[in-house]
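# Architecture and fold: a report
Here's the letter readout for the chains.
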Amino acid sequence: MKRDAEQNAAVIKRLAQIETSIVELGNEDLLDLADIFREKSETAIAQCAFAEMARRKITL
């Protein structure tokens, strides 16, 4: 159980790092990322990118 908890904590930390990386992108890079994932909009990265675009009020 301890190993599972450690693995879960590591996964949560990594996901937070990925989300932070997306939030820290400049507008052009964020738009590029969203464009790459346009066809895969159900993925976690796409959803995060599109949410950040909505927050910034920018579109493709």
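Residues numbered from 1 in each chain as written. Predicted model: local features only at pLDDT ≥ 70, side-chain atom pairs only at ≥ 80, totals over all residues. Heavy atoms only, no water.

Let us look at the overall build of the chain. Secondary structure summary: the chain contains 3 helices and 0 strands in total. Ordered by position in the sequence, the α and β elements of the chain form the string α-α-α. What you see for the chain is a C-alpha radius of gyration of 14 Å, clearly larger than the 10 Å of a compact globule of 60 residues, by over 25%. Taking the principal axes of the C-alpha coordinates as reference, the chain spans close to 45 × 20 × 15 Å. Looking at the chain residue by residue over its 60 residues, the buried ones come to 18%. Residue pairs in contact within the chain that sit at least 24 positions apart in sequence constitute 43% of those at least 6 positions apart. For the chain, the separation between the mean place of its 9 positive charges and that of its 11 negative charges on side chains is 6 Å. (Helix = DSSP H or I, 4+ residues; strand = E, 2+ residues; numbered from the N terminus. Rg over C-alpha atoms; globule rule 2.2 N^0.38 Å. Buried < 20%, exposed > 50% of the residue type's maximum accessible area, 1.4 Å probe, protein only. Contact = heavy atoms within 4.5 Å. Lys, Arg positive; Asp, Glu negative; His and termini not counted. Charge placed at Lys NZ, Arg CZ, Asp CG, Glu CD.)

Bringing the pattern of salt bridges into the picture now. Going through the model one piece at a time under the given rule, you end up with 3 salt bridges. Among the ionic pairs, Glu52 bridges to Arg55, the shortest N-O distance being 2.6 Å. Taken together, the residues Glu52 and Arg55, both in helix α3 (residues 44-56) and 3 residues apart, mark about one turn of the helix. Residue classification places Glu52 among the buried residues on the basis of a relative accessible area of 6%. Classification of Arg55 by relative accessible area gives exposed; the value is 55%. The residue Arg56 makes a salt bridge to Glu52 at a minimum N-O spacing of 2.8 Å. In this pair, Arg56 and Glu52 are both assigned in helix α3, 4 residues apart and thus about one turn of the helix distant. Through salt bridges that share partners, Glu52, Arg55 and Arg56 make up one connected network. (Salt bridge = Lys/Arg side-chain N within 4 Å of Asp/Glu carboxyl O.)

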